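# Tertiary structure, described
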Amino acid sequence: MPLIETDAIVLNSLKLGEADKLVTFYSPTLGKIKAVARGARKVKNKYGSSLEPFTHGHLVIYDKKPQVLYRLFQSDIIESFQRVRSDYDKIMTTSHFSLFIEALSPEGDPSVPVFNLFLKLLEYTKVFEASPGLINLFKVKFLGYAGYELLLDRCVKCQSSFPSMRFSPSLGGMVCSPCIPDNALYSVAISPAVQSVLKQTFKMDPGLISRIRPSEEVNKEISHILEVFIFHILGKKFPSLETTSK
Ligand SMILES: [Zn+2]
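Now for a look at the structure at hand. Values in this document were obtained by computation on a predicted structure and should not be read as measured data.

## Describing the overall build of the chain
What the chain contains, in helices and strands, is seven helices and eight strands. Compactness check: the chain gives a C-alpha radius of gyration of 20 Å against a globular reference of 18 Å for 246 residues, within 12% of the reference. By its C-alpha atoms, the chain is 65 × 40 × 30 Å across when sized along the principal axes. Contacts in the chain between residues at least 24 apart in sequence constitute 56% of all its contacts with a sequence separation of at least 6.

Here it is, written out as C-alpha coordinates:
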(Lines give C-alpha, C1' and ligand atoms only; values in the text may rest on other atoms or scores of the structure.)
Protein backbone atom coordinates (compact mmCIF):
# COMPACT_ATOMS: atom_id res chain seq x y z
CA MET A 1 0.00 0.00 0.00
CA PRO A 2 1.56 3.33 -1.00
CA LEU A 3 2.09 5.95 1.68
CA ILE A 4 1.20 9.56 0.99
CA GLU A 5 2.31 12.62 2.94
CA THR A 6 0.31 15.81 3.07
CA ASP A 7 -0.48 18.81 5.26
CA ALA A 8 -4.12 19.04 6.30
CA ILE A 9 -6.59 20.76 8.63
CA VAL A 10 -8.99 18.64 10.70
CA LEU A 11 -12.57 19.49 9.73
CA ASN A 12 -14.27 17.04 12.09
CA SER A 13 -14.15 13.53 13.46
CA LEU A 14 -16.68 10.81 14.25
CA LYS A 15 -16.50 7.78 16.49
CA LEU A 16 -16.00 4.60 14.56
CA GLY A 17 -16.37 1.09 16.00
CA GLU A 18 -14.97 0.42 19.47
CA ALA A 19 -11.86 2.55 19.52
CA ASP A 20 -11.39 4.22 16.15
CA LYS A 21 -12.14 7.61 14.65
CA LEU A 22 -13.21 8.60 11.18
CA VAL A 23 -11.56 11.96 10.56
CA THR A 24 -12.39 14.42 7.79
CA PHE A 25 -9.48 16.61 6.70
CA TYR A 26 -8.93 19.31 4.13
CA SER A 27 -5.58 18.91 2.38
CA PRO A 28 -4.09 21.33 -0.19
CA THR A 29 -3.02 18.40 -2.37
CA LEU A 30 -5.87 15.90 -1.84
CA GLY A 31 -8.85 18.16 -1.08
CA LYS A 32 -11.47 16.90 1.37
CA ILE A 33 -10.56 13.39 2.51
CA LYS A 34 -11.79 10.92 5.11
CA ALA A 35 -9.34 8.72 6.94
CA VAL A 36 -9.73 6.01 9.55
CA ALA A 37 -7.51 6.51 12.61
CA ARG A 38 -7.20 3.09 14.22
CA GLY A 39 -7.23 3.10 18.03
CA ALA A 40 -7.54 6.90 18.17
CA ARG A 41 -10.03 6.72 21.05
CA LYS A 42 -7.82 4.59 23.27
CA VAL A 43 -6.38 6.50 26.23
CA LYS A 44 -2.87 5.92 24.99
CA ASN A 45 -2.80 6.41 21.25
CA LYS A 46 -0.15 7.50 18.81
CA TYR A 47 -2.09 10.48 17.48
CA GLY A 48 -2.21 12.46 20.77
CA SER A 49 -4.24 15.66 20.28
CA SER A 50 -3.41 15.95 16.58
CA LEU A 51 -6.96 14.94 15.53
CA GLU A 52 -8.74 17.72 17.43
CA PRO A 53 -10.88 19.99 15.20
CA PHE A 54 -9.00 22.81 13.39
CA THR A 55 -5.57 21.25 14.01
CA HIS A 56 -3.16 21.97 11.18
CA GLY A 57 -1.02 18.90 10.87
CA HIS A 58 1.26 16.86 8.69
CA LEU A 59 -0.20 13.46 7.82
CA VAL A 60 1.16 10.18 6.59
CA ILE A 61 -1.67 8.06 5.18
CA TYR A 62 -2.14 4.78 3.39
CA ASP A 63 -3.75 5.16 0.03
CA LYS A 64 -6.25 2.31 -0.13
CA LYS A 65 -7.51 2.91 -3.67
CA PRO A 66 -9.96 1.97 -5.06
CA GLN A 67 -11.57 2.20 -1.59
CA VAL A 68 -12.79 5.66 -0.65
CA LEU A 69 -11.39 5.77 2.86
CA TYR A 70 -7.75 6.39 3.60
CA ARG A 71 -6.05 4.96 6.64
CA LEU A 72 -4.09 7.30 8.86
CA PHE A 73 -0.62 6.10 9.73
CA GLN A 74 0.83 9.13 11.47
CA SER A 75 -0.11 12.72 12.19
CA ASP A 76 2.08 15.50 13.59
CA ILE A 77 0.87 18.87 14.79
CA ILE A 78 2.13 21.91 12.88
CA GLU A 79 -0.19 24.33 14.72
CA SER A 80 -2.79 23.13 17.22
CA PHE A 81 -5.01 26.27 17.20
CA GLN A 82 -5.72 25.39 20.82
CA ARG A 83 -6.65 29.05 21.47
CA VAL A 84 -9.50 28.75 18.96
CA ARG A 85 -10.78 25.61 20.70
CA SER A 86 -10.65 27.14 24.18
CA ASP A 87 -13.24 29.87 23.50
CA TYR A 88 -16.91 29.06 22.94
CA ASP A 89 -17.60 31.87 20.43
CA LYS A 90 -14.45 31.07 18.47
CA ILE A 91 -15.42 27.37 18.37
CA MET A 92 -18.88 28.28 17.07
CA THR A 93 -17.75 30.60 14.26
CA THR A 94 -14.89 28.34 13.19
CA SER A 95 -17.02 25.17 13.31
CA HIS A 96 -19.59 26.91 11.18
CA PHE A 97 -17.01 27.77 8.52
CA SER A 98 -15.55 24.28 8.78
CA LEU A 99 -19.02 22.75 8.15
CA PHE A 100 -19.44 25.12 5.23
CA ILE A 101 -16.17 23.97 3.63
CA GLU A 102 -17.09 20.35 4.26
CA ALA A 103 -20.56 20.73 2.73
CA LEU A 104 -19.37 22.54 -0.38
CA SER A 105 -16.12 20.70 -1.16
CA PRO A 106 -16.44 17.53 -3.22
CA GLU A 107 -14.17 14.73 -2.03
CA GLY A 108 -10.77 14.54 -3.72
CA ASP A 109 -10.96 17.95 -5.43
CA PRO A 110 -7.98 19.83 -3.97
CA SER A 111 -7.64 23.61 -3.90
CA VAL A 112 -4.58 25.30 -2.41
CA PRO A 113 -6.45 28.65 -2.12
CA VAL A 114 -9.29 27.00 -0.14
CA PHE A 115 -6.77 25.41 2.23
CA ASN A 116 -4.99 28.74 2.69
CA LEU A 117 -8.30 30.54 3.19
CA PHE A 118 -9.21 28.25 6.09
CA LEU A 119 -5.74 28.68 7.54
CA LYS A 120 -6.10 32.49 7.32
CA LEU A 121 -9.40 32.32 9.19
CA LEU A 122 -7.85 30.15 11.90
CA GLU A 123 -4.90 32.53 12.27
CA TYR A 124 -7.28 35.49 12.51
CA THR A 125 -9.59 33.75 15.00
CA LYS A 126 -6.66 32.77 17.18
CA VAL A 127 -6.18 36.47 17.97
CA PHE A 128 -9.48 38.23 17.24
CA GLU A 129 -13.19 37.48 17.24
CA ALA A 130 -14.44 36.78 13.72
CA SER A 131 -17.78 38.59 13.38
CA PRO A 132 -20.69 37.01 11.43
CA GLY A 133 -20.02 39.68 8.79
CA LEU A 134 -16.43 38.54 8.38
CA ILE A 135 -17.47 34.88 8.21
CA ASN A 136 -19.83 35.88 5.39
CA LEU A 137 -16.95 37.45 3.48
CA PHE A 138 -14.87 34.29 3.96
CA LYS A 139 -17.78 32.31 2.53
CA VAL A 140 -17.95 34.65 -0.45
CA LYS A 141 -14.21 34.21 -1.00
CA PHE A 142 -14.58 30.43 -0.76
CA LEU A 143 -17.36 30.47 -3.38
CA GLY A 144 -15.03 32.39 -5.70
CA TYR A 145 -12.30 29.73 -5.27
CA ALA A 146 -14.83 26.92 -5.68
CA GLY A 147 -15.84 28.17 -9.12
CA TYR A 148 -18.95 30.09 -8.05
CA GLU A 149 -17.64 33.64 -8.44
CA LEU A 150 -20.64 35.83 -9.14
CA LEU A 151 -20.84 37.93 -12.27
CA LEU A 152 -21.63 41.35 -10.88
CA ASP A 153 -20.98 43.87 -13.64
CA ARG A 154 -23.53 42.97 -16.26
CA CYS A 155 -26.72 41.03 -16.73
CA VAL A 156 -25.67 37.39 -17.19
CA LYS A 157 -28.27 36.92 -19.93
CA CYS A 158 -28.12 40.02 -22.15
CA GLN A 159 -24.75 41.46 -21.01
CA SER A 160 -26.29 44.93 -20.57
CA SER A 161 -25.70 47.04 -17.53
CA PHE A 162 -28.75 48.49 -15.79
CA PRO A 163 -28.80 50.63 -12.66
CA SER A 164 -31.14 48.26 -10.85
CA MET A 165 -30.61 44.54 -11.21
CA ARG A 166 -31.43 41.45 -9.18
CA PHE A 167 -29.35 38.45 -8.17
CA SER A 168 -30.40 35.14 -9.67
CA PRO A 169 -29.01 32.07 -7.82
CA SER A 170 -29.72 29.75 -10.73
CA LEU A 171 -27.86 31.97 -13.20
CA GLY A 172 -25.05 32.71 -10.73
CA GLY A 173 -25.13 36.45 -11.20
CA MET A 174 -27.01 39.65 -11.84
CA VAL A 175 -30.00 39.78 -14.06
CA CYS A 176 -31.89 42.82 -15.43
CA SER A 177 -35.68 43.09 -15.16
CA PRO A 178 -36.40 42.51 -18.88
CA CYS A 179 -34.40 39.26 -18.68
CA ILE A 180 -36.32 37.86 -15.72
CA PRO A 181 -38.92 35.60 -17.29
CA ASP A 182 -42.41 35.79 -15.85
CA ASN A 183 -42.60 32.13 -15.01
CA ALA A 184 -39.66 30.74 -13.11
CA LEU A 185 -36.52 32.53 -12.05
CA TYR A 186 -36.23 33.19 -8.38
CA SER A 187 -34.23 36.34 -7.78
CA VAL A 188 -33.38 38.62 -4.88
CA ALA A 189 -32.67 42.35 -4.71
CA ILE A 190 -29.03 43.33 -4.52
CA SER A 191 -27.99 46.87 -3.63
CA PRO A 192 -25.04 48.72 -5.22
CA ALA A 193 -23.30 48.74 -1.80
CA VAL A 194 -23.49 44.95 -1.62
CA GLN A 195 -22.33 44.55 -5.21
CA SER A 196 -19.28 46.64 -4.40
CA VAL A 197 -18.43 44.69 -1.20
CA LEU A 198 -18.79 41.37 -3.06
CA LYS A 199 -16.59 42.55 -5.94
CA GLN A 200 -13.95 43.76 -3.50
CA THR A 201 -14.03 40.44 -1.62
CA PHE A 202 -13.62 38.33 -4.76
CA LYS A 203 -10.59 40.43 -5.77
CA MET A 204 -8.90 40.83 -2.42
CA ASP A 205 -6.11 38.74 -0.91
CA PRO A 206 -7.71 36.56 1.81
CA GLY A 207 -5.31 37.94 4.41
CA LEU A 208 -6.80 41.40 3.89
CA ILE A 209 -10.52 40.53 3.89
CA SER A 210 -10.82 41.44 7.58
CA ARG A 211 -10.20 45.07 6.61
CA ILE A 212 -13.54 45.21 4.81
CA ARG A 213 -16.08 46.26 7.42
CA PRO A 214 -19.56 45.98 5.90
CA SER A 215 -22.39 47.81 7.68
CA GLU A 216 -25.04 45.77 9.45
CA GLU A 217 -27.46 46.44 6.60
CA VAL A 218 -24.98 45.28 3.94
CA ASN A 219 -24.17 42.21 6.00
CA LYS A 220 -27.85 41.30 6.32
CA GLU A 221 -28.21 41.49 2.57
CA ILE A 222 -25.08 39.37 2.00
CA SER A 223 -26.42 36.76 4.46
CA HIS A 224 -29.61 36.53 2.44
CA ILE A 225 -27.79 36.27 -0.90
CA LEU A 226 -25.52 33.54 0.51
CA GLU A 227 -28.52 31.70 1.90
CA VAL A 228 -30.38 31.53 -1.41
CA PHE A 229 -27.23 30.86 -3.45
CA ILE A 230 -26.07 28.02 -1.18
CA PHE A 231 -29.57 26.58 -1.18
CA HIS A 232 -29.37 26.54 -4.96
CA ILE A 233 -25.90 24.89 -4.98
CA LEU A 234 -26.59 22.25 -2.30
CA GLY A 235 -30.27 21.72 -3.00
CA LYS A 236 -30.96 22.14 0.72
CA LYS A 237 -30.74 24.78 3.39
CA PHE A 238 -27.37 25.32 5.02
CA PRO A 239 -27.78 26.34 8.70
CA SER A 240 -27.01 29.98 9.43
CA LEU A 241 -24.26 30.97 11.84
CA GLU A 242 -26.94 32.15 14.27
CA THR A 243 -28.59 28.70 14.22
CA THR A 244 -25.29 26.86 14.63
CA SER A 245 -24.34 29.04 17.62
CA LYS A 246 -27.50 28.31 19.58
ZN1 LIG B 1 -30.60 41.24 -19.17
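Moving on, there is more to tell.
## Here's the deal with the sheet that holds strand β5 (residues 70–79)
Taking strand neighbours around the barrel as the criterion, the five strands line up as β1-β2-β3-β5-β4 in a closed arrangement whose pairing is mixed. With direction set aside, neighbouring strand axes in the sheet form an average angle of 50°. Bridge analysis of strand β4 (residues 56–62) against β5 gives seven bridges, and the strand direction is antiparallel. Within β5, the residue paired with His56 across the bridge is Glu79. Lying over the sheet, helix α2 (residues 88–104) contacts β1 (3–16), β2 (20–27) and β3 (31–37), oriented at roughly 110° with respect to β1. Lying over the sheet, helix α3 (residues 112–127) contacts β1, β2 and β4, oriented at roughly 105° with respect to β2.

## Things to note about helix α5 (residues 192–203)
Between its first and last C-alpha, α5 extends 17 Å over twelve residues, near the 16 Å set by a 1.5 Å rise per residue. Residues of α5 that are buried: Val194, Val197, Leu198 and Thr201. In a view along the axis of α5, the buried residues occupy a sector of 100°, so they form one face of it. Projecting away from the buried face of α5 at angles above 90 degrees are the exposed residues Pro192 and Lys203. Buried residues belonging to α5 abut α4 (132–148) and α6 (216–234).

## Observations concerning the pairing of β3
Side-chain positions along a regular strand alternate between the two faces of the sheet. With seven bridges connecting them, β2 and β3 associate as antiparallel partners. Each residue of the ladder has a partner; that of Lys21, found in β3, is Ala37. Turn length for the β2-β3 hairpin, with the two strands adjacent in sequence and antiparallel, is three residues. Two elements, β3 and β5, share two bridges in a ladder whose sense is parallel. Counterpart to Val36 in the pairing with β5 is Arg71.

## Overview of the packing of α2 against α3
Between α2 and α3, whose axes approach to 11 Å, the crossing angle comes to 175°. Compared by their axis directions, α2 and α3 come out roughly antiparallel. For the pair α2 and α3, the contacting residues are Lys90, Thr93, Thr94, Phe97 and Ile101 in the first and Val114, Phe118, Leu121, Leu122 and Thr125 in the second. Considered class by class, the residues forming the contact of α2 with α3 number six nonpolar, three polar and one charged.

## Topic: the sheet that holds strand β8 (residues 188–189)
Spatially, three strands are ordered β7-β6-β8 in an open sheet, and the strand pairing comes out antiparallel. Of all strands in the sheet, those with a lone pairing partner are β7 (173–176) and β8, marking the two edges. Pairing analysis gives four bridges linking strand β6 (residues 165–168) to β7, with the strands arranged antiparallel. Note on β7: the bridge partner recorded for Arg166 is Val175.

Conventions we followed
- Along each chain, residue indices are assigned from 1 in the same order as the chain's sequence is written.
- Predicted model: local features are reported for residues with pLDDT of at least 70 only, side-chain atom pairs are reported and counted for 80 or more only, and whole-chain, interface and lining totals are derived from all residues.
- A run of DSSP states H or I qualifies as a helix once it reaches four residues; a run of E qualifies as a strand once it reaches two. Both are numbered from the N-terminal end.
- Atoms counted for the radius of gyration: C-alpha only. Globule rule: 2.2 Å times the number of residues to the power 0.38.
- Note on contacts: residues are paired as contacts if their backbone-placed C-beta atoms lie within 7 Å.
- Each pair of strands is called paired provided DSSP finds at least two bridges between the two strands.
- All axes are obtained by fitting lines to C-alpha atoms, using only the stretch in contact for helices, and the reported angles, taken between N-to-C directions, cover 0 to 180 degrees.
- Take the residue count of a helix, subtract one, and multiply by 1.5 Å to get its expected span.
- Think of it as a crowd count around each C-beta: if 20 or more other C-beta atoms lie within 10 Å the residue is buried, if 12 or fewer it is exposed, and in between it is partly exposed, with C-beta placed from the backbone throughout.
- What the arc describes is the spread of directions from the helix axis to the C-beta atoms.
- Relative orientations are named as follows: roughly parallel for angles under 35 degrees, roughly antiparallel for angles over 145 degrees, roughly perpendicular for angles from 65 to 115 degrees, and oblique for any other angle.
- Residues are sorted three ways: Asp, Glu, Lys and Arg are charged, Ala, Val, Leu, Ile, Met, Phe, Trp, Tyr, Cys and Pro are nonpolar, and all the rest, Gly among them, are polar.

Functional significance is not addressed by these values, which are geometric in nature.
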